[in-house]
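Chain residues, written in single-letter form:
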Amino acid sequence: MGFLKIILGTGAIAALFLAISTGIAWHKFSKPYIPGKYPDQIWGKEKTDNLAIVPFKVNVSNEVLSDLQNRLLKTPQLTPPLEDANFRYGFSSDYLQKVVQFWLKEYKWREREAFLNKFPQFKTQVAGLNIHFIHVKPSKVPEGVRVLPLLLLHGWPGSVREFYDLIPLLTTPRDHEKFVFEVVAPSLPGYGFSDGASKKGLGAAQMAVVLKSLMERIGFKKFYVQGGDWGSIIGSDMSILFPNSVLGYHSNMCFVNSPLATVKQIISSIWPSLFIDEDKISNFRSFGERLMYLLEETGYMHLQSTKPDTIGVALRDSPAGLASYILEKFSTWTDREWRSLADGGLTKKYKLINLLDNIMIYWVTGSITTSLRLYSETFNKAQFSLGIDRAQCTVPTACALFPNEIDYQHEFILKDKYVNLIQVTEMPRGGHFAAFEEPELLADDIWEAVYKMRLPPKGK
Ligand SMILES: *[C@@H]1O[C@H](CO)[C@@H](O)[C@H](O)[C@H]1NC(C)=O
């Protein structure tokens, strides 16, 4: 361990100097490129879209369900975890056996299907892809209350399932509020019930174009956007590409990925007191801690950014494998301390039944491989060269900072990109899956942010 510390220490100093010099050079010599018009590309096989919006219900065939049953029954004897390892080497196979038993014996898909169908859902063809979305209008809107369209964007390894508790909190009018939300929550292209691309290049920026077209198709020229994980990145790209369409951007994973932000992040994690109020320093992890955590927890990202199709085969073939791959993230990203618990803490905050809904959305649609490709289509040279990472977002922005989020950036870093930052909330609890974990906290923050976004700009 001592040796590792020396390596990490030396590595840290080298990384610091490298980051600072690259950052300064990059910031100085490369102007952020504000992307101009984006061509509306076609990502599917057909050249022209059918513009119809067709009602949709989840209805999986009996063949798919009996095949799943057979595969679960055939789950082999799994390699036992090392003593006291819990989730430190990845998903504990002891606990996975329990998940499989629950899945086989207690999880009733037809009931869950009825639950998933409780919100109105539709499909329409955009950019050659059939895009699935939930669309909930508020009922009983009091007189004088404005209905505001809000696009909710999920990420990986999530789905629209994350929003089921959040949606009613947004579409139910609140006393004394002059607005209420009409929610559109699409499955991202390649996720769940939405088609994946058949052509290369559908990264986060291109998805922003597709989903903006979806909103126009539904009839919304201007709308608010909320997102976490990929939804946050896509929402941010959308705000930068279409500042006249996005009325406000709310994110529970605000992140600035510019070289300057990296430099600031490194310097401030070494000397936090130079940048941050004393009382907030406890939220700030040291540079060594951050680096270690990133090394331990981002292997999946490298894999998915480079060879998504290879790992996709195994995950498509084995429901137990898919569950362990996805649920490991719901454990660690909700609370990193849960890696030391026998069940990965999964039942502390969630119910297994709800977690399995999300797994089933990946399984019954066979969409795991297309979902993984979003990493390779975004973390590449072509996407970086668009310059969106370095562009500024002028749309009114609100950031909800959940303490257990994978990584954490302070307001003084966020302000460089989000130049119209109207609200930053330090949340009392919660991690990466905010909508799923803490729907009330997230809903309250969205209401408050949009209230502020609707106020007339200061000085006018
Ligand atoms: C699902 O599809 C089957 C067969 O096509 C049909 O009989 C059933 O009514 C459908 N269920 C729902 C909830 O739409």
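From a predicted model like this one, the values you see are computed outputs, not experimental measurements.

Chemist: Go over the UniProt feature "active site" (unreviewed entry) in the protein chain, please, and point to the residues and values.
Modeler: Within this numbering scheme, the UniProt entry marks Asp229, Tyr375 and His432 as carrying the feature "active site" (unreviewed entry). As for its placement among the helices and strands, Tyr375 is situated in helix α15 (residues 368-378). Residues in contact with Tyr375, not counting those within four places in the same chain, are Trp156, Trp230, Tyr300, Met301, Gln304 and Ser305. Structurally, the position occupied by His432 is in the loop between β9 (421-426) and α18 (434-437). A relative accessible area of 3% means that His432 is categorised as buried.

Chemist: Please give an account of the pairing of strand β6 (residues 223-227) that cites residues and values.
Modeler: Within a regular strand, side chains alternate between the sheet's two faces. Within β6, five of the five residues are buried, which leaves the element mostly enclosed by the surrounding structure. The pairing of strand β4 (residues 146-153) with β6 spans four bridges and is classified as parallel. If you follow Leu151 over to β6, its bridge partner there is Val225. Of the strand pairs in this sheet, β6 and strand β7 (residues 246-251) are connected by five bridges, and their pairing is parallel. Within β7, the position partnered with Gln226 by the bridge is His250.

Chemist: Tell me about the packing of aromatic side chains, and name the residues and values.
Modeler: By the definition in use, this model includes 24 aromatic pairs. Measuring from ring centre to ring centre gives 5.9 Å for Trp156 and Tyr325, while their planes differ by 70 degrees; the resulting arrangement is edge-to-face. Here Trp156 is found in the loop between β4 and α5 (166-171), whereas its partner Tyr325 is found in helix α12 (residues 319-332), with 169 residues between them in sequence. This pair shows no difference in class: Trp156 is buried, exactly as Tyr325 is. Taken together, the aromatic side chains of Trp156, Trp230, Tyr300, Tyr325, Phe330, Trp333, Tyr350, Tyr375, Phe379, Phe433 and Phe436 make up a single cluster linked through ring pairs. Lying across the ring of Trp363, Arg316 places its NZ or CZ 5.0 Å from the centre. Positioned above the aromatic ring of Tyr293, the side-chain terminus of Arg336 is 3.6 Å from the ring centre.

Conventions we followed
Residues numbered from 1 in each chain as written. Predicted model: local features only at pLDDT ≥ 70, side-chain atom pairs only at ≥ 80, totals over all residues. Heavy atoms only, no water. UniProt positions renumbered as here; feature names shortened; annotations may be inferred. Helix = DSSP H or I, 4+ residues; strand = E, 2+ residues; numbered from the N terminus. Contact = heavy atoms within 4.5 Å. Buried < 20%, exposed > 50% of the residue type's maximum accessible area, 1.4 Å probe, protein only. Pairing = 2+ DSSP bridges. Phe/Tyr/Trp six-rings, centres within 6.5 Å; stacked < 30°, edge-to-face > 60°. Lys NZ or Arg CZ within 6 Å of the ring centre and 35° of its normal.

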